[in-house]
Amino acid sequence: MFKILVCDDDKEIVEAIEIYLTQEGYKVYKAYDGLEALQVLKEEEINLLIIDIMMPKLDGIRATLKIREENNMPIIILSAKSEDADKILGLNVGADDYVTKPFSPLELIARVKSQLRRFNVLGANLAKEKEKVYSTGGLLIDDDLKEVTVDEEVINLTPLEYNILLFLVKNKGRVFSTAQIYENIWDEEAIGVDNTVAVHIRHIREKIEINPKDPRYLKVAWGIGYKVERI
C-alpha cells in the first residue's frame, strides 16, 4: 500500500484529499505545516508528498528544498497562485508537479497515480541497472558480491580466474582470442601469452564444469579462441 503525506494548513482541504486518496486504496498521513511534514517523513516511509506552498512555520517551497536534500520521492505542490513564475519556482526547487487551487479531486488523483507510476518504473529500472548479475544456464555471477555459483553451489576462483570468467559471461556466445582475453584482463599488450591464458582457462573449467574434458559452459573454438556458451 502506497503511503501519501498531505500537507496543507487548511484542514478542510487535507480532509477532503484524504477521503479521495483513501477511496483509491492509499494510506494517508496528514500535516499542517512544513515542520510537521518533515517530522512525519522522519518517522514514516512516505511514497509521495502533496504539499501547499503558503503555510505557517515552514512554507512548501522551503520544505521541498529541505526534503530534496535526502529524499527523491514524488512531490506535488498545491497553490492558490496560478502565475507561471510560482509554478516554475515550485518545479525548480524539486517538485515533480504543480496543481492550482481550486482543483478537481479526480485530476489530483490522476496526477498522483501518474507520479507514482513514473517513480516506480524509474526505481525498478535503476534497481535493475544496479543488479550486476550475469548468468548462462546454471552458471551465475553476482558482480556486486564477487560470487560465482554453478547450480547454486559457490565456486571459489582466484581474482584472475574470476575476471576472465566474468568477461566471457558478459559477452556470452562471442569468441575471443587468447590475445583479446589477455589484453582485456591484464590490460597490457599480448605477446606470447597463449599458455598463460590457456592455464587459467583450464583451471576455471576444472572448477565450474562437471566434466572439464566435455565442458558445458567454457568452450574452445579451435584455432580461434574461447567463449562461454549462451544457454
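### What about the sheet that holds strand 6 (residues 133–136)?
The antiparallel open sheet is built from four strands, whose spatial order is 6-7-8-9. The sheet is open, and its two edges are formed by strand 6 and strand 9 (153–155), each paired on a single side. Adjacent strand axes in the sheet meet at a mean angle of 25 degrees, parallel and antiparallel pairs treated alike. Pairing of strand 6 with strand 7 (residues 139–142), which is carried by four bridges, proceeds in the antiparallel orientation. Opposite Ser-135, over in strand 7, you have Leu-140 as the bridge partner. Running at roughly 110 degrees to strand 7, helix 6 (residues 159–170) makes contact with strand 6, strand 7 and strand 8 (147–150) of the sheet.

### Some details on the sheet that holds strand 3 (residues 48–52)
Pairing between sheet strands relies on hydrogen bonds along the backbone, with the strands arranged either parallel or antiparallel. Ordered by their spatial adjacency, five strands build an open sheet running 2-1-3-4-5, and the pairing between neighbours is parallel. Of all the strands in the sheet, the pair left with one neighbour each is strand 2 (27–31) and strand 5 (97–100). Pairwise comparison of adjacent strand axes, ignoring direction, gives a mean angle of 20 degrees for this sheet. Sheet analysis places strand 1 (residues 3–7) next to strand 3, joined by four bridges and oriented parallel. Looking across to strand 3, one finds that Ile-4 is bridged to Leu-48. Sheet contacts for helix 1 (residues 11–23): strand 1, strand 2, strand 3 and strand 4 (75–79); angle to strand 2, the most-contacted strand, approximately 170 degrees. Helix 2 (residues 34–43) contacts strand 1 and strand 2 of the sheet and is inclined by roughly 165 degrees relative to strand 1.

### Quick notes on the pattern of salt bridges
Counted according to the given criterion, the structure contains 17 salt bridges. A salt bridge links Lys-30 to Glu-18; the nearest nitrogen and oxygen atoms lie 3.3 Å apart. One end of the pair, Lys-30, is in strand 2; the other, Glu-18, is in helix 1, with twelve residues separating them in the sequence. Of the charged contacts in the structure, one is a salt bridge between Asp-52 and Lys-101, with a shortest N-O distance of 3.3 Å. Taken as a pair, Asp-52 in strand 3 and Lys-101 in the loop between strand 5 and helix 5 (105–130) lie far apart in primary sequence, 49 residues in all. Both residues of the pair, Asp-52 and Lys-101, belong to the buried class.

### Focus: the packing of helix 6 against helix 8 (residues 194–208)
Running from N to C, helix 6 and helix 8 point in directions that differ by 85 degrees, and their axes come no closer than 10 Å. The orientation of helix 6 relative to helix 8 falls into the category roughly perpendicular. Facing helix 6, whose interface residues are Leu-160, Glu-161, Ile-164, Leu-165 and Leu-168, helix 8 presents His-200, Ile-201, His-203, Ile-204, Lys-207 and Ile-208. When its residues are assigned to classes, the contact of helix 6 with helix 8 shows seven nonpolar, two polar and two charged.

### Regarding the side chain of Lys-101
A relative accessible area of 19% places Lys-101 in the buried class. Among the polar contacts made by the side chain of Lys-101, one reaches the side chain of Asp-8 at a distance of 2.8 Å. A distance of 3.3 Å separates polar atoms of two side chains, one belonging to Lys-101 and the other to Asp-52. Beyond its immediate sequence surroundings of up to four residues, Lys-101 is in contact with Asp-8, Ile-13, Asp-52, Leu-78, Ser-79 and Ala-80.

### Thoughts on unusual backbone geometry
In this structure, the amide linkage connecting Lys-101 to the following residue, Pro-102, adopts the cis form with an omega of -10 degrees. You can see Pro-102 is positioned in the loop between strand 5 and helix 5. Here Lys-146, not a glycine, exhibits a phi torsion of approximately 55 degrees, which is positive. Mapped onto the elements of the fold, Lys-146 is located in the loop between strand 7 and strand 8. Backbone geometry places Glu-152, a non-glycine residue, at a positive phi of 70 degrees. Position of Glu-152 relative to the elements: it lies in the loop between strand 8 and strand 9.

Reading the values: rules and limits
- Residues numbered from 1 in each chain as written.
- Predicted model: local features only at pLDDT ≥ 70, side-chain atom pairs only at ≥ 80, totals over all residues.
- Heavy atoms only, no water.
- Pairing = 2+ DSSP bridges.
- Helix = DSSP H or I, 4+ residues; strand = E, 2+ residues; numbered from the N terminus.
- Axes fitted to C-alpha atoms, helices over the stretch in contact; angles between N-to-C directions.
- Contact = heavy atoms within 4.5 Å.
- Salt bridge = Lys/Arg side-chain N within 4 Å of Asp/Glu carboxyl O.
- Buried < 20%, exposed > 50% of the residue type's maximum accessible area, 1.4 Å probe, protein only.
- Parallel < 35°, antiparallel > 145°, perpendicular 65-115°, else oblique.
- Nonpolar A, V, L, I, M, F, W, Y, C, P; charged D, E, K, R; others polar.
- Polar contact = N/O pair within 3.5 Å; in protein donor to acceptor, adjacent residues only side chain to side chain.

Any functional reading would require information that these geometric values do not contain.
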